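# Reading the structure
Okay, here's what each chain looks like letter by letter:
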Amino acid sequence: QVQLVESGGGLAQAGDSLRLSCAASGRTGSTYTMGWFRRFSGKEHEFVAAISRSGTSTYYTDSVKGRFTISRDNDKNTVYLQMNSLKPEDTAVYYCAARPGDYVRAWWAGGYDYWGQGTQVTVSS
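Everything numeric in this text was worked out from a predicted model, so none of it was measured. (Residues numbered from 1 in each chain as written. Predicted model: local features only at pLDDT ≥ 70, side-chain atom pairs only at ≥ 80, totals over all residues. Heavy atoms only, no water.)

## Some points on the pattern of salt bridges
For the structure shown, the criterion picks out five salt bridges. Note that Asp-90 is salt-bridged to Arg-67, the shortest N-O span being 2.8 Å. Of this pair, Asp-90 sits in the loop between β8 (78–83) and β9 (92–100) while Arg-67 sits in the loop between β6 (58–60) and β7 (68–73), and the two are 23 residues apart along the sequence. By relative accessible area, which is 11% here, Arg-67 ends up buried. (Salt bridge = Lys/Arg side-chain N within 4 Å of Asp/Glu carboxyl O. Helix = DSSP H or I, 4+ residues; strand = E, 2+ residues; numbered from the N terminus. Buried < 20%, exposed > 50% of the residue type's maximum accessible area, 1.4 Å probe, protein only.)

In structure tokens, the structure reads:
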């Protein structure tokens, strides 16, 4: 079991930056591939980014490539999502998620076993 808690969401203007954090507790360390998803109002979870257990491999959805960076600090059991050049269409609830194994191209929400409660990101124009 692993518990995930996101933080760092909030209000931003277009072009601003935010950094989301996801603190993991329980069975942690480098056991899991970690991902970030987002959920627009009334929609399904959309994949944003994932990072391998060691942090050496990452994978992004096209809409955030070059703007968002996923990273992890296994000593702190924390995963980050640095979001730069934010756009109003990035407005969503952002969730971190964990899956056993080391497959970084896991873009489907059903492939993740553990989820945080989400943090709201709102970007105004």
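Let's pick the thread back up.
## Some points on the state of the cysteines
This model, assessed by the stated rule, comprises one disulfide. Here Cys-22 connects covalently by a disulfide to Cys-96, the sulfurs 2.0 Å from one another. Around the S-S axis, the bridge from Cys-22 to Cys-96 shows a dihedral of about 50° and counts as right-handed. Here the residue Cys-22 occupies a position in strand β3 (residues 18–26), and Cys-96 occupies one in strand β9, the gap between them amounting to 74 residues. The two residues Cys-22 and Cys-96 agree in class, both being buried. (Disulfide = S-S within 2.5 Å.)

## Quick notes on a nonpolar patch on the surface
A cluster of nonpolar side chains, namely Tyr-103, Trp-107 and Trp-108, defines an oily patch on the protein surface of about 360 Å² accessible area. Looking at where Tyr-103 falls in the secondary structure, it is placed in the loop between β9 and β10 (114–115). Given the relative accessible area of 42%, Tyr-103 is considered partly exposed. (Patch = residues over 30% accessible without salt bridge, like charges linked within 9 Å, V, L, I, M, F, W, Y side chains within 5 Å. Areas by Shrake-Rupley, 256 points an atom, 1.4 Å probe, with all protein chains shown as cover.)

## Structural notes on the sheet that holds β7
With antiparallel pairing, four strands are arranged side by side in an open sheet as β1-β3-β8-β7. Pairing within the sheet leaves two strands with one partner each, and these edge strands are β1 (2–7) and β7. With direction set aside, neighbouring strand axes in the sheet form an average angle of 15°. Where β1 and β3 come together, six bridges link them in antiparallel fashion. Within β3, the residue paired with Gln-3 across the bridge is Ser-25. (Pairing = 2+ DSSP bridges. Axes fitted to C-alpha atoms, helices over the stretch in contact; angles between N-to-C directions.)

## Some remarks on the environment of Gly-118
For Gly-118, the position within the fold is in the loop between β10 and β11 (119–124). According to the relative accessible area criterion, Gly-118 is buried, its value standing at 16%. In the structure, Gly-118 is positioned 80 residues away from Arg-38 in sequence and 8.4 Å away in space, judged by C-alpha atoms.

## Overview of the pairing of β7
Along β7, the buried face is formed by Phe-68, Ile-70 and Arg-72; none of Thr-69, Ser-71 and Asp-73, which line the opposite face, is buried. Pairing of β7 with β8, which is carried by six bridges, proceeds in the antiparallel orientation. Bridged to Ser-71 within β8 is Tyr-80. As consecutive antiparallel partners, β7 and β8 are separated by four residues, and within that stretch Asn-77 has a phi angle of approximately 50°, a positive value.

## Focus: the packing of aromatic side chains
This model, assessed by the stated rule, comprises nine aromatic pairs. Plain terms: the ring middles of Phe-37 and Phe-47 are 5.6 Å apart, the flat faces sit at 75° to each other, and that makes the pair edge-to-face. Of this pair, Phe-37 sits in strand β4 (residues 32–39) while Phe-47 sits in strand β5 (residues 45–51); the two residues are 10 residues apart in sequence, bridging distant segments of the chain. Of the two residues, Phe-37 and Phe-47, both sit in the buried class. One aromatic cluster in this structure is built from Phe-37, Phe-47, Tyr-59, Tyr-95, Tyr-112 and Trp-115. Sitting over the face of the ring of Tyr-112, Arg-99 holds its NZ or CZ atom 5.9 Å from the ring centroid. (Phe/Tyr/Trp six-rings, centres within 6.5 Å; stacked < 30°, edge-to-face > 60°. Lys NZ or Arg CZ within 6 Å of the ring centre and 35° of its normal.)

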